[in-house]
Amino acid sequence: MVNHPDGREELLRGAGKDTTDLFNEVHRWVNIESMLSKCVVGKLLPSFIKPVLPSVINLKNGVMEQISKPGNRVQVPRPAAKPLPTFDWFQTPDIVSLCVYTKTSNLQPYDVAFDLTPLTFTGYINTSAGVFKINLSFFNKVVPECTPKILVRTGKVEFVVPKCTKQLWPSYGKAEIHHCQILNTQVWIKSKLIHREKLNHNTWSLSLQLDDSFKCNVPVGGHVSLRIDEKISAKYTPLISSIFGSESVPDMSNKLHFIIKVYPKGNFTSRLKDIQLDQVVMVSLPESPFGIQKIEGRQKLLCLAAGTGITPMVRLVREALNRDSFKEVKIIFWNRTEADMLLNEEFNLLATQDPRFHVTHVLTSPSEKWRGSAGRVNKKQIEEFLGTTDQSFTCICGPTDFTTSCIKYLSELHYPESSIYAFLG
């Protein structure tokens, strides 16, 4: 029991009952075809190490210590290291299955990314111990199609890949040196610029294409880092290709869309306006501190956004409108002038298509022709916008001063802290 990879609780799931289904869920690779094809018979040479036990043990504050004696040193056990993932595989004549036991509960689709070609596989999994990388070459050609299977409770990730030729392999193939490892540095993936469009005087729409073999899933509220050279990078939230469809959490994809404001003196963005189509842009693996479960059970979504802080709200709005539980989805969107307003036509059209959605534009330096709301963010604006707060959730994104002010005003209005999320960085 002690050596079982998922511990005592996993074994006790099947105590006193038929465990066939449970066994097939996790260990169906233990079968005659798969096991005998790769078994090696050899000698077992036992070795025994006698533990050196201290003669006197003292339990102090819940920590075991060895009491110091002449010639002895006090030893305090080190905290246990986080469990490292393990790898195994199995096969049938039709498929090869690569299994990673991450020992990390509550894994989500965005925690898994991979690069799959007919002869190679590289997988990245965000585990409690760090980003786990697996890298190998197949014994024979495979069909480069795969949808990872994630067991959220146990942390098992299975990549089932069809074989091109129906046959049993003597092995999965050849492992690269250090083919299973925890990475100590950030992972960067090559992409190329496939679309660039100027939206207004200082904001661009960009689309990036990763290699066809690479798949990842950026979740609602998630972000990636972009890098043009070795030193400078910045974090951005990808958008969906259109806010009018039902897409909010797309399947694993290799295309990313962004709206990015270019600052003349910005270390990173000042270079974006000069990049050309097909130029290489490095993309990090997705990150998601948000967690879509935050809006579970809510009936109202309130979005406070300023400038390009609207970007994480686009997919969030789409996700809420996809759920029948939401009765109201509202955005209050601050910009400096009419020329700075983004997605105005798209939001207005969406409001005509779905009566639950409403957007209010606020300008801080409007022209004389402007007939809408005006002024910097203030407590009165937010109070009028909130209305009743039962079963509501509020998201905030914009410059640091804007975000800080919104949080302050919501606190003064006694809005529950558990119902607020601010996108930072």
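Note that the structure is predicted; figures quoted are calculated from it, not measured.

**Some remarks on the pairing of strand E22 (residues 392–397)**
By the criterion of burial, E22 is predominantly enclosed, with 6 of the 6 residues buried. Side chains of E22 alternate between two faces, with Ser-392, Thr-394 and Ile-396 and Phe-393, Cys-395 and Cys-397 buried alike. Pairing between strand E18 (residues 300–306) and E22: 6 bridges, direction parallel. Among the inter-strand pairings, Leu-301 is bridged to a residue of E22, identified as Phe-393. Inspection of the sheet shows E22 paired to strand E23 (residues 420–423) by 4 bridges, in the parallel sense. Across the sheet, the residue bridging to Cys-395 is Tyr-421, located in E23. Read from E22 through helix H8 (residues 400–412) to E23, the crossover connection turns out right-handed.

**Considering the sheet that holds strand E12 (residues 203–210)**
As summarised here, the arrangement of the 6 strands in space is E15-E14-E17-E11-E12-E16, forming an open sheet in which the pairing is antiparallel. Edge positions in the open sheet fall to strand E15 (233–236) and strand E16 (255–261), since each of these has one partner strand only. Sheet twist, expressed as the mean angle between neighbouring strand axes with direction ignored, is 35 degrees. Summarising the sheet, strand E14 (residues 224–227) and E15 pair through 4 bridges and their orientation is antiparallel. Of the residues in E15, the one forming a bridge with Ser-225 is Lys-235.

**Quick look at the state of the cysteines**
Going through the model one piece at a time under the given rule, you end up with 0 disulfides. Cys-303 provides the cysteine sulfur closest to Cys-395, a residue in no disulfide bond, and the two sulfurs are 5.7 Å apart.

**Overview of the nonpolar core**
Counting 31 residues, the largest nonpolar core has Met-313, Ile-331, Phe-357 and Cys-395 as the members making the most contacts within it. Counting residues per element, the ones that place at least two in this core are E18, helix H5 (311–321), strand E19 (328–335), helix H6 (344–353), strand E20 (357–363), E22 and E23. Ranked by the residues each element gives to this core, the list is headed by H5, at 6 residues. In contact with Phe-357, other than residues within four places in its own chain, are Val-317, Leu-321, Val-329, Ile-331, Phe-347, Leu-350 and Ala-351. Counting 27 residues, the second-largest nonpolar core is a separate cluster that includes Ile-189, Leu-210, Phe-258 and Val-283.

**Considering unusual backbone geometry**
Peptide bonds are trans in most cases, and residues, glycine excluded, mostly fall at negative phi. Notably, Lys-103 is not glycine yet its phi reads approximately 60 degrees, a positive angle. With respect to the helices and strands, Lys-103 occurs in the loop between strand E4 (95–101) and strand E5 (112–116). The phi dihedral of Asp-278 is positive, around 75 degrees, even though this residue is not glycine. Mapped onto the elements of the fold, Asp-278 is located in the loop between helix H4 (269–272) and strand E17 (280–284). Assessed through its relative accessible area of 51%, Asp-278 is described here as exposed.

Parameters and conventions
- Residues numbered from 1 in each chain as written.
- Predicted model: local features only at pLDDT ≥ 70, side-chain atom pairs only at ≥ 80, totals over all residues.
- Heavy atoms only, no water.
- Buried < 20%, exposed > 50% of the residue type's maximum accessible area, 1.4 Å probe, protein only.
- Helix = DSSP H or I, 4+ residues; strand = E, 2+ residues; numbered from the N terminus.
- Pairing = 2+ DSSP bridges.
- Right-handed = clockwise from strand over helix to strand, strands pointing away.
- Axes fitted to C-alpha atoms, helices over the stretch in contact; angles between N-to-C directions.
- Disulfide = S-S within 2.5 Å.
- Core = buried A, V, L, I, M, F, W, Y, C linked by side-chain atoms within 4.5 Å.
- Contact = heavy atoms within 4.5 Å.

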